[in-house]
Amino acid sequence: MRYDADFWRDLSPRRDGIHGLPLYVVKAIPLWASIWLPILFTISAISTGLSANTAATLNAGYGLSHCAHKFHALLVALEIVAVLALFASVRSEAAGMASVTKIVSGSLAPMFWIGFVVFGLALPLLGGSKFMLHGCSVNADSSVCARGNEEIKSCVYNEYGVLIGGFCLRAFIVLGAAYIF
């Protein structure tokens, strides 16, 4: 079974991107009022949806297309750019800087650095690139063959990391809000 057509239909970036819009209209919270928030939530929704589908597909014993690996690595890279742009866009206001400080070095720092950066971005990006570049071969039907069960488990654990990172992202965005007033 190939990992292409059915999986794209199941992804619903509309839902999570739309969830970023109600936060975006709250102008009293600079972290939420940035145009980068709905963009970040949409990228994260696609990435976490892809991870959930990938984990289910691999756990069921099916293969994964090489294109899906490359696309997921691209999404993780875009997520890094979007979160940096979000932080950069809000740091000029005092409340925005307070939010970024609370997230990066305050009470939400473990959630940001361990949950989001390590589990959600770094490990999946490094593990996915290792799997994509060194530990796989592409068959004639575009499916990727892992050399053993351990590599498949490693890939599934990377996908779980993306799901943890997606949860942590949403949590620190909501909990890290600082009002202008």
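Look up a bit, the structure's there.
A short tour of the structure in this document, coming up. (Residues numbered from 1 in each chain as written. Predicted model: local features only at pLDDT ≥ 70, side-chain atom pairs only at ≥ 80, totals over all residues. Heavy atoms only, no water.)

What to know about helix α5 (residues 66-90)
The criterion, for reference: By definition, any uninterrupted DSSP run of H or I lasting at least four residues is a helix, any uninterrupted run of E lasting at least two residues is a strand, and each is numbered from the N terminus. Here, expected helix span is obtained from the residue count minus one, scaled by 1.5 Å. Residue burial is assigned from relative accessible area. The probe radius is 1.4 Å, only protein chains are included, and a residue is buried under 20% of its type maximum, exposed over 50%, and partly exposed in between.
In a regular helix each residue adds 1.5 Å, so 25 residues correspond to 36 Å; α5 covers 37 Å between its end C-alpha atoms and thus fits that length. Within α5, the full set of buried residues consists of A68, H69, H72, L75, V76, E79, A82, V83, A85, L86, F87 and V90.

Topic: the packing of helix α4 (residues 36-59) against α5
For the record, the criterion: Axis lines are fitted to C-alpha atoms, over the contacting stretch for helices. Their N-to-C directions set the angle, which ranges from 0 to 180 degrees. By definition in this entry, angles of less than 35 degrees are roughly parallel, angles greater than 145 are roughly antiparallel, angles of 65 to 115 are roughly perpendicular, and the rest are oblique. Rotating anticlockwise by less than a right angle from the far helix to the near helix defines a left-handed crossing, while the corresponding clockwise rotation defines a right-handed one. The contact criterion used throughout is that any non-hydrogen atoms of two residues lie within 4.5 Å.
Following both chains from N to C, one finds α4 and α5 inclined at 155 degrees, their axes separated by 9 Å at the closest point. Relative to α5, the element α4 lies roughly antiparallel. Helix-helix and strand crossings are classified by hand; for α4 and α5 the assignment is left-handed. Of α5, the residues touching α4 (which contributes W36, L37, L40, I43, S44, I46, S47, L50 and S51) are A68, F71, H72, L75, V76, L78, E79, A82, V83, A85, L86 and S89.

What about the environment of F116?
Turning to its location among the elements, F116 is positioned in helix α7 (residues 109-133). You can call F116 buried: its relative accessible area is 1%. For F116, the residues in contact, after removing those within four places along its chain, are E79, V83, M111, L121, G165, C168, L169 and F172.

Points about a nonpolar patch on the surface
Put simply, the rule is: Patches were defined on residues exceeding 30% relative accessible area and lacking a salt bridge, with like-charge contacts within 9 Å and nonpolar side-chain contacts (Val, Leu, Ile, Met, Phe, Trp, Tyr) within 5 Å. The method behind every accessible area is Shrake-Rupley, applied with a 1.4 Å probe, and residues are considered shielded solely by the protein chains displayed. A side-chain nitrogen of Lys or Arg and a carboxyl oxygen of Asp or Glu constitute a salt bridge if their distance falls within 4 Å.
Together, W113, I114, V118, F119, L123 and I164 make up a nonpolar patch on the protein surface, roughly 510 Å² of accessible area in all. With five residues, α7 is the single largest residue contributor to the nonpolar patch. Take L123: it is sitting in helix α7. In this structure L123 comes out as partly exposed when scored by relative accessible area, which is 40%.

Taken by themselves, the reported measurements are silent on function.
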